[in-house]
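So the chains spell out like this:
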Amino acid sequence: MQNIEITAANLRKDFNRRPIFSGVSFTLGPGDTLAVSGRNGSGKSTLLKIVASLLSPSSGTFSMKVGGSPVSERLMFRHIGMVAPYLQVYEEFTALENLSIIDRIRGGSHTAGEYEKLLAMVSLEKRKHDYVRTYSSGMKQRLKFALAWMDRPPLLLLDEPRTNLDPEGIAMVLTLFEEQRREGIAIIATNEQEDVDICASKIALGYDGTAKGGGA
């Protein structure tokens, strides 16, 4: 189990002076899971982007410790894997090439054999040499999971993880979620009740900008 702790303290996000959400607080450690739910426009994706350091909060703080030491905001990405509809893959390259490119960008050194194991995990091994532009939307979603899982991140962020997936793909998501629960932290932004139910902690974002619930 990886020694990580994340803390959100009274997070607030405004767009054009309109509050999207406020009062979001939680602390999560190894083995913890959090579901973020709410109506469309309530800020679920925005909250995950703040946790991923893709957006800054209007007020409040988000912090991370790994091995008991604080991690600077610019280095948090090294400890995060993320799957989201707005994250893109390189359609002009193959699945294998996508894994290799992202691995190099992250400063990794995985082997070709490890790439192939990742693609087998998401049932893309038979299409590993095909250009991603030929993939269906569900296959692209599977590839995003392979990319997010490549470094076995201590913090896994899943924004609407069932998007475009068939029942087999959804089963894969649930299996990876359980593995992540044993090793680190998982946060899901979702309106699927099954996804909410499998998380120990829950936050419901209201359309009025309020937040109910939170982590320990």
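Provided above is the structure to which this section pertains.
All figures in this text were calculated on a predicted structure; none of them were measured in a lab. (Residues numbered from 1 in each chain as written. Predicted model: local features only at pLDDT ≥ 70, side-chain atom pairs only at ≥ 80, totals over all residues. Heavy atoms only, no water.)

Draft legend 1. Region of the structure containing the overall build of the protein. Scanning the protein for helices and strands turns up six helices and ten strands. Across its three principal directions, the C-alpha atoms of the protein cover 45 × 35 × 30 Å. Within the protein, the fraction of its 216 residues that count as buried is 45%. Across the protein, every contact between residues at least 6 apart in sequence was considered, and the portion connecting residues at least 24 apart equals 69%. Accessible area of the protein: about 10,400 Å², with a carbon and sulfur share of 49%. Side-chain charges in the protein split into 26 positive and 25 negative, and the spacing between the mean points of these groups amounts to 5 Å. (Helix = DSSP H or I, 4+ residues; strand = E, 2+ residues; numbered from the N terminus. Buried < 20%, exposed > 50% of the residue type's maximum accessible area, 1.4 Å probe, protein only. Contact = heavy atoms within 4.5 Å. Areas by Shrake-Rupley, 256 points an atom, 1.4 Å probe, with all protein chains shown as cover. Lys, Arg positive; Asp, Glu negative; His and termini not counted. Charge placed at Lys NZ, Arg CZ, Asp CG, Glu CD.)

Draft legend 2. Looking closely at the packing of helix H2 (residues 95-105) against helix H3 (residues 112-121). Packing of H2 against H3 brings their axes to within 10 Å, and their N-to-C directions diverge by 120°. Here H3 runs oblique to H2, going by the angle between their axes. Relative to H3, H2 is oriented so that their crossing is right-handed. Along the contact surface, H2 presents Ala-95, Leu-96, Leu-99, Ser-100 and Asp-103, while H3 presents Tyr-115, Glu-116, Leu-118 and Leu-119. A breakdown of the residues in the contact of H2 with H3 according to their chemical character gives six nonpolar, one polar and two charged. (Axes fitted to C-alpha atoms, helices over the stretch in contact; angles between N-to-C directions. Parallel < 35°, antiparallel > 145°, perpendicular 65-115°, else oblique. Left-handed = near helix turned anticlockwise from the far one by under 90°. Nonpolar A, V, L, I, M, F, W, Y, C, P; charged D, E, K, R; others polar.)

Draft legend 3. Representation of the pairing of strand S9 (residues 201-205) in the model. Side chains Ser-201, Ile-203 and Leu-205 project from S9 onto a buried face, and the interleaved Lys-202 and Ala-204 project onto a face without burial. Here strand S3 (residues 33-38) runs beside S9; their pairing, made up of five bridges, is parallel. Looking at S9, one finds that Val-36 is bridged to Ile-203. (Pairing = 2+ DSSP bridges.)

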